[in-house]
Amino acid sequence: MAASSLLRSLSRISRAPPATAFYHHRTPCSRFSAAAAADVAGRGLAGLGPTARGEKARVVVLGTGWAGSRLMKDLDTGGYDVVCVSPRNHMVFTPLLASTCVGTLEFRSVAEPLARIQPAVSSSPGSYFLLARCTGVDPDAHTIECETVTEGEKDTLEPWKFKVSYDKLVFGCGAEASTFGIQGVTEHATFLREVHHAQEIRRKLLLNLMLSDVPGISEKEKRRLLHCVVVGGGPTGVEFSGELSDFITRDVKQRYAHVKDYVHVTLIEANEILSSFDVRLRQYAINQLVKSGVKLVRGIVKDVQPDKLILDNGEEVPYGLLVWSTGVGASSFVKSLPFPKSAGGRIGVDEWLRVPSVPDVFAIGDCSGFLESTGKEVLPALAQVAERQGKYLAVLLNHVLKAGGGHANSSVEVDLGPKFVYKHMGSMATVGRYKALVDLRQSKDSKGVSIAGFASWFIWRSAYLTRVVSWRNRLYVAINWLTTMIFGRDISRI
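So, a few notes on the structure that sits alongside this text. (Residues numbered from 1 in each chain as written. Predicted model: local features only at pLDDT ≥ 70, side-chain atom pairs only at ≥ 80, totals over all residues. Heavy atoms only, no water.)

**A short note on the packing of aromatic side chains**
The final tally for this structure, using the stated rule, is 8 aromatic pairs. Arranged with centres 5.4 Å apart and planes meeting at 70°, the rings of Y392 and F420 form a pair that is edge-to-face. One end of the pair, Y392, is in helix α13 (residues 383-402); the other, F420, is in the loop between α13 and β24 (427-432), and 28 residues separate them in sequence. Residue Y392 is classed as buried on the basis of its relative accessible area of 15%. On the numbers, 5.5 Å between centres and 90° between planes, the contact of W460 with Y464 is edge-to-face. Highlighted residues: W460 and Y464, both in helix α14 (residues 454-467), separated by 4 residues, approximately one helical turn. Y464 matches W460 in its accessibility class, with the two residues each being buried. Ring pairing ties together the aromatic residues W66, F93, W460 and Y464, which thus form one cluster. (Phe/Tyr/Trp six-rings, centres within 6.5 Å; stacked < 30°, edge-to-face > 60°. Helix = DSSP H or I, 4+ residues; strand = E, 2+ residues; numbered from the N terminus. Buried < 20%, exposed > 50% of the residue type's maximum accessible area, 1.4 Å probe, protein only.)

**As for a nonpolar patch on the surface**
Taken together, Y434, F454, F458, L482, M485, I486 and F487 make up a surface patch of nonpolar side chains, about 790 Å² in accessible area. Of all the secondary structure elements, the ones that give two or more residues to the nonpolar patch are α14 and α15 (471-487). For the nonpolar patch, the element with the most residues is α15, which contributes 4 residues. Looking at where L482 falls in the secondary structure, it is placed in helix α15. (Patch = residues over 30% accessible without salt bridge, like charges linked within 9 Å, V, L, I, M, F, W, Y side chains within 5 Å. Areas by Shrake-Rupley, 256 points an atom, 1.4 Å probe, with all protein chains shown as cover. Salt bridge = Lys/Arg side-chain N within 4 Å of Asp/Glu carboxyl O.)

**Re the packing of helix α8 (residues 195-211) against helix α10 (residues 235-255)**
One can describe the packing of α8 onto α10 by two numbers: an axis separation of 14 Å at closest approach and a directional angle of 35°. At the point where α8 passes α10, the crossing takes the right-handed sense. Contacts between α8 and α10 involve I201, L205, L206 and L209 from the first element and F240, L244, F247 and V252 from the second. Class assignment for the residues of the contact of α8 with α10 results in 8 nonpolar, no polar and no charged. (Axes fitted to C-alpha atoms, helices over the stretch in contact; angles between N-to-C directions. Left-handed = near helix turned anticlockwise from the far one by under 90°. Contact = heavy atoms within 4.5 Å. Nonpolar A, V, L, I, M, F, W, Y, C, P; charged D, E, K, R; others polar.)

**What about the pattern of salt bridges?**
Per the stated rule, a full pass over the model turns up 20 salt bridges. Here D360 makes a salt bridge to K168, at a shortest N to O gap of 2.8 Å. A residue pair is termed long-range when its members are at least 10 positions apart, and D360 in the loop between β21 (347-349) and β22 (361-363) and K168 in strand β10 (residues 168-171) qualify at 192 residues. Just as D360 is buried, K168 falls in that class too. E221 is the salt-bridge partner of R224, the closest N and O atoms lying 2.5 Å from each other. With R224 and E221 both in helix α9 (residues 219-225) and 3 residues apart, this pair spans about one turn of that helix. By relative accessible area, which is 31% here, E221 ends up partly exposed. Taken together, the shared-partner salt bridges in this structure form one network comprising R70, D74, E387 and R467.

**Some words on the sheet that holds strand β18 (residues 316-318)**
Taking strand neighbours across the sheet as the criterion, the 3 strands line up as β16-β17-β18 in an open arrangement whose pairing is antiparallel. Looking at the sheet topology across the chains shown, the edges are occupied by β16 (301-304) and β18. The mean inter-strand angle of the sheet, taken between neighbouring strand axes irrespective of direction, is 25°. Two strands pair when backbone bridges link them, and strand β17 (residues 308-311) and β18 are joined in this way by 3 bridges, in the antiparallel orientation. Bridge pairing in β18 places I310 opposite E316. (Pairing = 2+ DSSP bridges.)

**Let's talk about the nonpolar core**
The biggest cluster of nonpolar side chains holds 118 residues, and the ones touching the most others in it are L96, I144, F171 and L397. Counting residues per element, this core draws most heavily on α13, which supplies 9 residues. If near-sequence neighbours (up to four positions away) are discounted, L96 is found in contact with L105, V110, W460, Y464, V468, V477 and W481. Counting residues in hydrophobic clusters, the runner-up holds 16 residues, among them V297, V304, L311 and W324. (Core = buried A, V, L, I, M, F, W, Y, C linked by side-chain atoms within 4.5 Å.)

**A word on the pairing of strand β3 (residues 57-62)**
Burial of β3 is extensive: 6 of the 6 residues sit out of reach of the surface. A two-sided burial pattern is seen for β3, the buried positions comprising A57, V59 and V61 on one face and R58, V60 and L62 on the other. Bridge count between β3 and strand β4 (residues 80-86): 6 bridges; the pairing is parallel. Note on β4: the bridge partner recorded for R58 is D81. As for the winding sense of the linkage, the β-α-β connection from β3 through helix α3 (residues 66-74) to β4 is right-handed. (Right-handed = clockwise from strand over helix to strand, strands pointing away.)

**Overview of helix α11 (residues 279-291)**
If you check α11, its first and last C-alpha atoms are 18 Å apart, about what 13 residues at 1.5 Å a residue would give, namely 18 Å. When α11 is considered as a whole, its buried residues turn out to be L281, R282, A285, Q288 and L289. Down the axis of α11, the smallest arc covering the buried residues is 130°, so these residues share one side. Among the exposed residues of α11, those pointing more than 90 degrees away from its buried face are V279 and K291. Residues of α11 that are buried in the fold lie against α10, β14 (264-269), β15 (294-298), β24, β25 (435-439) and β26 (450-453). Capping of α11 at its N-terminal end is provided by D278; its side-chain oxygen lies 3.2 Å from the backbone amide nitrogen of R280. G293 sits one or two positions beyond α11 and adopts a positive phi of about 100°. (Expected span 1.5 Å × (residues − 1). Arc of directions from axis to C-beta. Polar contact = N/O pair within 3.5 Å; in protein donor to acceptor, adjacent residues only side chain to side chain.)

**Remarks on the side chain of R441**
Turning to its location among the elements, R441 is positioned in the loop between β25 and β26. For R441, a relative accessible area of 10% corresponds to the buried category. Reaching out from R441, the side chain makes a polar contact with the side chain of D278 at a distance of 2.5 Å. At 2.9 Å, the side chain of R441 and the side chain of D439 are in polar contact. If we skip the residues at most four places from it in the chain, R441 touches D278, H424, G426, S446, K447, G448, V449 and S450.

**Remarks on the state of the cysteines**
Using the criterion set out here, one finds 0 disulfides in the structure. There is no disulfide at C84, and the cysteine sulfur nearest it, in C146, is 10 Å away. (Disulfide = S-S within 2.5 Å.)

Set out below in structure tokens:
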């Protein structure tokens, strides 16, 4: 039934929009064959047309991150059709992503399928998940333009474009890794934001370990191959360094005894590591990392080459694996949108997370920030911020629906209720060797719980285990932790 409904919707020609230009975001991967382009030009773009009177209102959500996933989970699908447009069909539980790089957890444990978060996208006649990227938006016509995603697949269809009409549009498309314009980062470094990044890190790490054990390799090349460099001393960089040092101590020294003395980890940070924590906790983290064998270097990367990086003081650092974790910034797509921007190029929103310059458009998560006119600071790019915004916006949209304002350009005056207020719940980070930091204070200078050590590590694991979205994945994570503790990490290169 859902399939036939989708065919009907796709075959329905949307109402002719006003002759206003779409705002396109063009990337090198957006390519059409000449034949496909001619075909599209000749017949116009297919898509999901506007909702008719008496039908459910349609909420289009861009992205399956923390913000978008929480929003879709809590939306009232009895009154809304939900259409999600994203290049991935799952949410990534990012706090545990570093653990998958070294085999502490399996990749499936941190990936939550969207169909489990919001079953309507796979079962409701008017709700869909569309494997695509948004490339343009026409706020006047209440439509977005999208292009399918097929990267990395052989013998598949050429990408094609289509349009989707919306009653409410929510940008939850996240951010991209910051490279600060440093040459060679994109080409030679690996980021740690997606499951495929973790898979790439794991495969390369194990490949280097195995190659270094093969006869004929020089001592110099062996040391380079087994030198793992992490750039960025935030929670992600520190946690990955801690996981890596544990992997070396517990598993590499037992299973790669011939090369165990060549494996080293270096963490490079321009300022202070874990700057969001207070001095006492930062010093504890430094002591633990150094004790685990991690070399800490303060410096700024100026250039990245295929086998080495160069610091601002001219020092050359050879590497076999380079992980780049220096924070995030607004994506080129977000910067290209014709909306007012907040600090850092994010989509500007008001206190109700609306984009004030256009009707029926909202933005949440890392791609959004409060406009200067609100008098509020731009919130940090944290999972807890994004999740809280998704939860808030779901309540707001459900309230708007009940008040009769669910459809586009509704003339109904709706009291939106209280403004969004963010309350920081604290920060946590593991530093390896069954040690972690837990800071439950509102800020570094306020009073509250602030501890480090084994008890913190237990709290860290317990808290994240309860935050995993489904009971299925909680069971996966718990079993993975138990098997790793008893049998060690899996070192198979699959």
